[in-house]
Structure formats: C-alpha cells, structure tokens
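# Structural characterization, general
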Amino acid sequence: MAGIDIGRGAPGQAATMGEARGGLPADLEAIRFATILFADIVGSTRLLRALDPDDARDLLDQSIALIQQGIHAFGGFVVRVQGDGVMAVFGVQPAVEDHALRGVLAARRVIDTLKSGALGVLPAPQVRIGIHAGPILLRRQDNDFGSLIDVVGHAAHVAGQIEKMAPPGGVAISATVASLIAEPCELRPAGSVESGGSESPERQGEAVFELLSVDFGGGDRVPVKGNATFPMIGRDAEFEKVRAVIVGLAEDGPTALGIVGEAGMGKSRLLLEAARLAAGLGTTFAAVRGTALLAAVPFGCIGRTLRHLVDLLQPFTPDPATAANLSANETACLAGLIGDETGWLAQLSPGDRSRIATETIVRIAELAASHIRVAWLVDDVQYLDSETLAVLAAIRRGGRIAMILAGRPEAAPQIAALCSDLIELASLSPGHARALVACANRAALIDDSVIDRIVERAEGLPLALQEFAQDFATTLQTEVDGAPKPAGRATAGKPAPTQNPLPVRLDSLLAARLAALDQDSSRLCQFCAVLGPVFAISRLERASRLVCRNPALAITRLVEARVIEFVGTGIARFSHQLVQEAAYRAMARRRRTEMHAGALAMLKEAKAEAAARAGSGDDLASHAELANHAEMAGLHQEALSHLWEACVQALSLAAIDSVRQLHERACTVAARLPAAVAARERARFAMLAFDTLQQLSQEQVLRGDIEAVAAGRIEFSPGQRTVARINMALLDWIDGAPSRGKGWLALAEADLDAYESLPRRTYADLAAAYIAFSSGEPLEAIARIERLGERLAGSLRGETFGAVVVIPHVLARAFGAWYLTDLGQITKARAWVAEAITLSRRYAHAYSRLLADLAHGYLHYRQGRADRAVKLLRRGYADCLRHNFLGFEPASASWLALCLIELGLLDEADAILTQSVERGHFQHVRTSATYYLHEARARLALVRGDASHARDLAAVALAHARDCEDRIHELHALALCAQVHEAGLAAPECADLPSRVRAMGLIVLEQRLEALQR
C-alpha cells in the first residue's frame, strides 16, 4: 500500500472533546453506519511481566502507537485505548462509503508492520484484530479526567466478540464487513457470532471469517465489480447501447458511452455485461475503478490498469517501454507506477511529473490497442483523481480506444466531456421491479402482498429490490414504529412504521451521503425526515427558518447533494424514500423527539395562522399527522386529543379502516400513560369506535374496555354508561350468548326508564329485536321494530344519531324484513324492504344499501326466485368485500351460495363458501346469519352426492345453533338434518319438529317440512 497517504488523525490515547470539534462533527446526536475495529496485543501480560516497568511501558506505548498509525493511515478514528487494547471506527470522519475496506486495510497494515519487526523486539508482539460494521451512536462521556468520545451500539459489542475469534497475528471479520468490500479477499471460515440486537429484528448468528489477504493495488487485473447473480431486467435499451460500443470496436471504430445514475441503479452491472460481451467477441477489457480511498492520490486509480496493459503486451513485446518509444523519464515513470511507488522522478516539479505520467500511460494504452482490441471500462468516475481523468481525456483524443464510463450524477459533467453518448439510468417500472423481485429470491415463494411492499419501498432502485427480495423474511415481514410514511399513504394517526433495518450495502451507501452534509443542512434533512418522504415546499421553508442559520443555503446544499428535489407545484420530496428512511434512522432517540416536537409546533402554528385568516391548503396538517408528531415527541395526552379529532373526522366520512387504525394507535399511546388514565382513554375510544369495528367483525376486541364502562368501573356520564350496556348486549348477541345479553339490556332499559333518550331507546330496541328473534320470540322482535319505526316518523327516519355507517331505521327495516319473510308476512316484508331501499339511496349510505340489498335478495330467495335474488346478493357480497363490511360477510356469502346452488352454479358456490371459510369471519360473528354458512356447505355437499359430508356439516350447523342459543335456527338446523338423513322426520330429534315450527310461526320452514313429508 505504498503511496497511499490518507489524511491522518491526531494520535492520542482517546478521542477527546477537542478532537471531536476538530476531527468529528460537533453534532454527535446521530446514528452512523460505521466499521468498528478492536485490536488487542496477544499475551501482553506474559510479555510485560518479563520487563521492568519502564521497559514495559515503552514497549506497550510503542505497540499502541504502531496500531494507531495503521488506523490513522486509512482515515480511522481511535476511540479508546484501554490497557493493551484499541478500539477504532471508520466511516465517521471522514464520512465515506468504503469504511469497511479502510478497516481491513488498516488491520492488515498493523499486522504486517508488527510482523516486520518495526518494534525492534524479538519475538515481536502479536496483535489480534476483529472487525464488524453496523449502526453506532457516538456520545460524549465525562469523567474525572475530562470528556471523551465513546461508541455505543450492539455493533461495537459484536466487533469485540469477533476480535476474540481472531488467531494471534490475524484478522477476523464479520460477513457484514465482507459483503461491503468489492476488492478480492481471501477468507477462511472462523465460526459465527451472535449478531442480534438493535440492528437486527431477530437475534441470529453471523458468519465470521479470518481475513488472509485483500487485493488492493497488488493485482494485475482490475475486476469489474458488477454482480451477475440475478438476471438484468428493465435495461434492454441501455444494454443495446453498451453492445453497440463493444461490437462497434471491431466494426465501426471506437466510441465512448457514458452511464450516469444514483448508487444502486445498475451502472456496474451494465459494465459487467460489457465485460462479458467483450470476452465473447474476443475483445479485451481494461477496467479502471475509482475509489474514495485513492481520490486524492494522483494516478492512484490507474496503476493496476497500467500493470494489466503491460502484462497483456508481453506476448507481443517483452519491453513495452522501448516499443512505445518512451524516454528515460517516461520509462522511470512507468516503473514507478507499475511498482506502486511514490518516489519516481522526485527531482522534477509536480507539473512535469504529471505531464510525463499522462504521456506514459497514453502511449502504453495506444501500444496495447495496436496489438489487441481493448475496451476501457471505467467505474465510479466520481472518485477518480483529476490526473486519471486527464489521462482518459488524452486517450479519447487519440480516437483509437473504445470506452464506457459510469458514475453518479455529480460526475455527469466529467463523463459528458469524455463521451459522445450519455445514458441516464432511471428507476425500473413497477412491472420490471416485480419481475426482478421474483427472480431475486428463488429460495422461498414471496407472497404478492410482500412483493407489493418491496416494490413500493424500493421505488424502482435495482439494488434495493434485490437486497429486499433476498432478505424479505426479516426485512419486510416485521415492522417497528418510527419513521413517517409517505404523504397520502400514511396509516391514519399512526407513525408510519420504520421498516426493519436497511440491508447493509444500502445502509452504508445512504449513511455516507447523509453524514457528509454540513451541520445546517444535516439538521434540516433530519427535520424533513420526520415530515415524511413528500412535503410541501412551504413546510421546507418554515423548517429551514427554524433550524438553520442560513436557511436558503441549507436548502441549496440538500438539493445539490441530491437529498431532496422539487416536484410538481409547491411540492418537495426526498430523492428516494430510502434516503428519508436512512435520515430518520440516523437520528438518536433524543434528536428524533426534538425534531418531532419542532414539527408539531411548526404545523400547529401554520394551522393557527390559516384559521386566523380563514384560509386552507393541502399543506395544513391533519389531526392524524399532529397526533403522530405529538406521540413521537412524548406528548401522549396531546397525541390522544389529536387522535380523537382524527377519529371523529374519519367517522364523519364513514372511513371504517381509518377508525380501526386510529383506535389501535390510541390504545398504543394510552398504554404509556398511568394505568387509570390509560383505562379511561381506551374506554373513551372504544365507545367511539364500537359501531365501526362492528362492521369489521372486530367488535369483540373492545369488550373489556366497554364492560368497564357498563359495569361502572370507569366513571362516565349516565348516558354513556347506558350506551355501554347496550353495546354489551350487542356484543353478547354477536358472540352467541343472547341470554347473557338480556341481562345487560335489562340494565340499559332501566336506565332509559329513568333518563329517556330517543337515540339510546332506538339503539336498545334494535338490540332487543336481535336478541328476541334469536331467543325464539319472533313476534316480540317484530313488535320492537314496529315501535322503533313509530318513534322515527317523518324526517327522523333518515337520522343517524352519530352512527355514520348505518341509518338505524334502515337497519331495523332490513332485519325486520328478514324476520317477516321467515314468518310468511310477505306483504309487510316487501313494504319494509322498499322503505330500506328508498332511504339508503336517498342518503347514499353504502352500509345501509348493503342491508337493503341483502334483505331484498333474501326475500326473493325465500319466495323461490333465485334468479332475481342472485343479482342482488352478488352486489351485496361485492359491497361487503369492497367496503370491508366484514360483519355481514358470512351472511352475504352464504345467501349468495344458497341461490347459486338453487341455480345449479355449484362451482361458483363452492368457491365463495371456500373463500368465506378461509377468511374466518364466521368464527367471530356467531349470530343467526352465521348459521347459513354451515347450511349452504351442507346443501352443496348434498347436491353433489356426498351424503356423508352433508350429514357431518348438518350436525355442525345444529351444534352451532344450539351453542349460540339460537332457537329459531336450531329448528332450521333440525330440518336440515332431517333432509340429509335417511330417517327424515322420523328421527327422535325431529319427531315434534313440525309442531315446534308451527308454534314459532315460521311459515318458510313449515313449507319446507311439508315438502319433506311428501
């Protein structure tokens, strides 16, 4: 590694506050993805015991100094010296992408230096070194001797464990470190270490390797670093241009092509395809790779390429210098560059040395081109030193060599100056992205929903798609709360989940870009990260004035660094949502809290200003967004206030999924409050969300909170306690326990006798009607509904009383029509159905229309008009699924299936019933409607000739009705059993069935029994 002289840090026993100000960013409140190195002198106790104290101190100090020198030579920062051990970090200062490479090169330098006898002691002390990469937090630590910089994070602990696995005089590295190094490394398995912790969703082992060598600058051929593990997808047009350059080298003459794209966009992959294509056509490629480690070293990136060219010339001329007509100075220069020396032509001025080196490399390149077809493939142009760029420009002027150059957008001007054609790589289309994900993970089948999440998160970035696909089981299946989601896709009131940690290659790339920002632009980037991937420019400007000394300059720097960009009118966004994710992750918890508090204050101020001037705008924060910031700022009571307002707004729009999400979020926030306060808040939100969660068949999750109100354990107003008691009656009816529900209903009606209320009386009558019908009192159920209708006369028939997803009068008439149909009162049933249809259409309530359609369809079905019923029930079933009205999903699926069976459409009926069983809502909705799922399955089996299966399913239907205390449908189930059993009505259980059916007045069932007797 001669000739590489990276900026050295100040030597010392530990990183002090002064060094932090001079060598580290003053703002340490950031989590960095860095490489951690632990070095320990092996057997130091035994070695030092043989020396007197002064000699022991000198030997120890000299050994530590050599270790520090090796670390500083590659830009590492010594964090701690403790006894005979050293801890260092790479990638913190300077903030570089190649921190893992720097760490292993420093380790090899230390090992080789000590082996060379630099200490002048025999036997020379041996060092054992362990290296790992991961997220760390730098912190200032005060003690009695001053302030130090320390490293906190599980990655540091892992590095310490890996160091213990290294052999004396050896280096051990983690698989994470190995994956971050593009250079060829010789590795030997050394075991594994537990790498779980904050950087991993699950505790898991990570492979450890002994590093035997790393080929940096010593090889004779530079490899192209692209990865061909996966097929190249979505780059057909770009590949054709690459192909034209390589093929044109033999046909049309040399050309130059430039490829520009962000990190991970697939530049190196196109260069690899160019190399493979060249090999197939008998063309040799010479690769030049820029690297941040050599960016400041003149001609540092081209030395290996020059050695490769000289090696290629050996079959044609044993003395390339003579064949190229090199002068004495140029020959000396060639020897120095090939030998990676720094002292060649030291007597000349820097300008003369640069000119001679350029001419030397160009002549050797042209000599090679005169003997063989050579294509130059240049990668990471952004890291090339200016001298190497000058060499490439001179080669291009010669016009004899084809060249493909690739680099990031900051290198676009240099690439454009060298190339006749330029490709700007764009993100992959969603279709190509899905195809790449499917190809990238062949070890396990990826569910479509997971593929959708991968595609959404990666936003067409090929590297992200590949990494997420390979790691999907841990990266995308689990989420933890944290970073805000993109605007327009955020979960209502919930801080959008921070996905599990980014794959290490992506994390390292993005962390280096963000760490390179200055303090002003870094703070603005962090503030924007809590706002989400997309935000209004007005918010960006407000934020810049809050956190920056020079707001305009900070915004400009973020744009120049390609961290944010302006899109559309008045909209700014992160250049990629993964950049926003990385920026959010990079903040320590205290900084996140600070930024969320600042965002909350800013957004509330903007909202207040808009209200004062009676204005509005898309950039005004919703209550759900304010709740997110309040929660993340630790202001839990304020967060609940905003969640309440957001929930009320969602109810006003009948947004039932949003209400569910808001309720879940409220429960999470409430859990952070004192127990008594938390219980009251949960109960408050449970009462608000009950009606909505009932539509999703999730009402039982509220049971505990609502029961606490109903039983008086949590003090609410008398009216709210009455509603809670009716809720409990309904919960018990839905849970298949109507007799238990009667007890709660009695308490509620006693309350109403003391404090009459039309809304609450209406609600009680509805619950009472459901319970009465299930309990075998159909006439009482009808009477309740008729009294309800009389109270809701005139305009009150369209009143919702706050229940926005259903009109109570429609609900009553729909259920009443079902009951009347079973009782054979068809004329009144038709009138009630018509009333329900008219009201649901007038007020455009989707849930009310569903009820009307189901009642209408059921009426046609029972009258033997399955062809007319199926149209209505198909629409009702579709509405159930489209609007997530899952409480009625079992009923809508069952009645539709029964009609389809009547019409002989058995396959469709089977598919609908199978899907309903798979959804499993029938397990939570144990009302009379659920009975029909079992009946429909039994009838389908019977029609298909599977009598045994039909009998089993009929028995299940009977057991269900009895278990749910459903007296009406127990009779239906007995009639079904009589139909599927050979004994029919002669069976003991069915002997008195006709008389029981007549006593109930169930005309529909009575007609069915008469048909059985015939």
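Here's a quick rundown of the structure.

Thresholds, definitions, all that
- Residues numbered from 1 in each chain as written.
- Predicted model: local features only at pLDDT ≥ 70, side-chain atom pairs only at ≥ 80, totals over all residues.
- Heavy atoms only, no water.
- Pairing = 2+ DSSP bridges.
- Helix = DSSP H or I, 4+ residues; strand = E, 2+ residues; numbered from the N terminus.
- Axes fitted to C-alpha atoms, helices over the stretch in contact; angles between N-to-C directions.
- Salt bridge = Lys/Arg side-chain N within 4 Å of Asp/Glu carboxyl O.
- Buried < 20%, exposed > 50% of the residue type's maximum accessible area, 1.4 Å probe, protein only.
- Disulfide = S-S within 2.5 Å.
- Parallel < 35°, antiparallel > 145°, perpendicular 65-115°, else oblique.
- Contact = heavy atoms within 4.5 Å.
- Nonpolar A, V, L, I, M, F, W, Y, C, P; charged D, E, K, R; others polar.
- Phe/Tyr/Trp six-rings, centres within 6.5 Å; stacked < 30°, edge-to-face > 60°.
- Core = buried A, V, L, I, M, F, W, Y, C linked by side-chain atoms within 4.5 Å.
- Left-handed = near helix turned anticlockwise from the far one by under 90°.
- Arc of directions from axis to C-beta.
- Expected span 1.5 Å × (residues − 1).

## Looking at the sheet that holds strand β16 (residues 534-536)
- If you trace the three strands from one edge of the open sheet to the other, you get β16-β18-β17, paired in antiparallel fashion. Only two strands of the sheet have a single neighbouring strand rather than two, namely β16 and β17 (564-567). Averaged over neighbouring strand pairs, the angle between their axes works out to 30 degrees when direction is ignored.
- As defined by bridge partners, β17 adjoins strand β18 (residues 571-574) across four bridges and the pair is classed as antiparallel. Note on β18: the bridge partner recorded for E565 is R573.

## Remarks on the pattern of salt bridges
- Applying the stated criterion to the full structure yields 67 salt bridges.
- The salt bridge involving R703 is made with D735; its shortest N-O contact spans 3.9 Å. Separated by 32 residues along the polypeptide, R703 in helix α29 (residues 703-710) and D735 in the loop between α30 (718-734) and α31 (738-754) bring together distant segments of the chain.
- Judged by relative accessible area, R703 falls into the buried class, the value being 18%.
- As a salt-bridge pair, R862 and D822 come within 3.9 Å of each other at their nearest N and O atoms. With R862 in helix α36 (residues 846-862) and D822 in helix α34 (residues 808-822), the pair connects residues that are 40 residues apart, well separated along the chain.

## Let's talk about the state of the cysteines
- Scanning all chains against the criterion turns up zero disulfides.
- C548 takes part in no disulfide bond, and the closest cysteine sulfur, belonging to C528, lies 8.5 Å away.
- Taking relative accessible area as the criterion, C548 reaches 10% and is therefore assigned buried.

## Some details on the packing of helix α26 (residues 636-652) against helix α28 (residues 675-695)
- Following both chains from N to C, one finds α26 and α28 inclined at 10 degrees, their axes separated by 11 Å at the closest point. If you check the angle between α26 and α28, you find them roughly parallel. Residue-level inspection shows Q637, L640, L643, W644, C647, V648 and L651 of α26 in contact with α28, the latter providing V677, E681, R684, F685, L688 and T692.
- Of the residues belonging to the contact of α26 with α28, the class tally is nine nonpolar, two polar and two charged.

## Here's the deal with the side chain of T360
- By the element assignment, T360 lies in helix α12 (residues 350-371).
- Of the residues examined, T360 reaches a relative accessible area of 0% and is grouped as buried.
- Excluding its chain neighbours within four sequence positions, the residues that come into contact with T360 are L326, E330, C333 and L334.

## Some thoughts on the packing of aromatic side chains
- By the definition in use, this model includes 17 aromatic pairs.
- Here the aromatic rings of W733 and Y770 are separated by 4.6 Å at their centres, their planes lie at 25 degrees, and the arrangement is stacked. Here W733 is found in helix α30, whereas its partner Y770 is found in helix α32 (residues 758-774), with 37 residues between them in sequence.
- Residue classification places W733 among the buried residues on the basis of a relative accessible area of 8%.
- The class of Y770 is buried, set by a relative accessible area of 4%.
- Look at W818 and F888: their rings are 5.9 Å apart centre to centre, the planes differ by 55 degrees, and that puts the pair in the tilted class. Taken as a pair, W818 in helix α34 and F888 in the loop between α37 (866-882) and α38 (889-902) lie far apart in primary sequence, 70 residues in all.

## Concerning the nonpolar core
- Counting residues in hydrophobic clusters, the biggest one holds 222 residues, and the most contacted among them are I404, L524, F574 and F888.
- I111, V288, W344 and V378 belong to the second largest nonpolar core, which has 86 residues in total.

## Some details on unusual backbone geometry
- A positive phi angle is found at N884, which is not glycine, with a value near 60 degrees.
- Among the structural elements, N884 can be located in the loop between α37 and α38.
- Overall, N884 belongs to the partly exposed group, its relative accessible area being 22%.
- A positive phi angle is found at E965, which is not glycine, with a value near 55 degrees.
- Looking at where E965 falls in the secondary structure, it is placed in the loop between α41 (947-963) and α42 (967-980).
- Judged by its relative accessible area of 22%, E965 is partly exposed.

## Brief notes about the pairing of β18
- Relative to β18, β16 runs antiparallel, the two sharing three bridges. Note on β18: the bridge partner recorded for V534 is R573.

## Considerations on the packing of α36 against α38
- Running from amino to carboxyl end, α36 crosses α38 at an angle of 30 degrees, the nearest separation of the two axes being 11 Å. The pairing of α36 with α38 is recorded here as roughly parallel in orientation. Seen from above, α36 lies across α38 with left-handed handedness. Touching L854, Y858 and Y861 of α36 are S892, W895, L898, C899 and E902, all from α38.
- When grouped by side-chain class, the residues that make up the contact of α36 with α38 number six nonpolar, one polar and one charged.

## What about helix α11 (residues 328-338)?
- Among all positions in α11, only E330, C333, L334, G336 and L337 are buried. Buried residues in α11, looked at end-on, bunch into an arc of 165 degrees, giving them a common side.
- In the core, the buried residues of α11 are packed alongside α9 (303-313), α10 (320-323) and α12.
- Phi turns positive one or two residues past the end of α11, at D340, with a value near 55 degrees.

## A short note on α38
- In this model, α38 (14 residues) spans 20 Å end to end at C-alpha, consistent with the 20 Å of a helix rising 1.5 Å per residue.
- Across the 14 residues of α38, 13 count as buried, placing the element largely inside the fold.
- A positive phi of about 80 degrees marks G904, the residue just after α38.

## Quick notes on the environment of L696
- Considering the arrangement of structural elements, one finds L696 in the loop between α28 and α29.
- Along the sequence, L696 and R660 sit 36 residues apart, while their C-alpha atoms lie 8.6 Å from each other.
- When neighbours within four sequence positions are excluded, L696 is seen to be in contact with I656, D657, R660, N884, L886 and G887.

## Some points on the environment of E1010
- As for its position among the elements, E1010 is in helix α44 (residues 1003-1013).
- As for E1010 and P994, which are separated by 16 residues in sequence, their C-alpha atoms are 8.6 Å apart.

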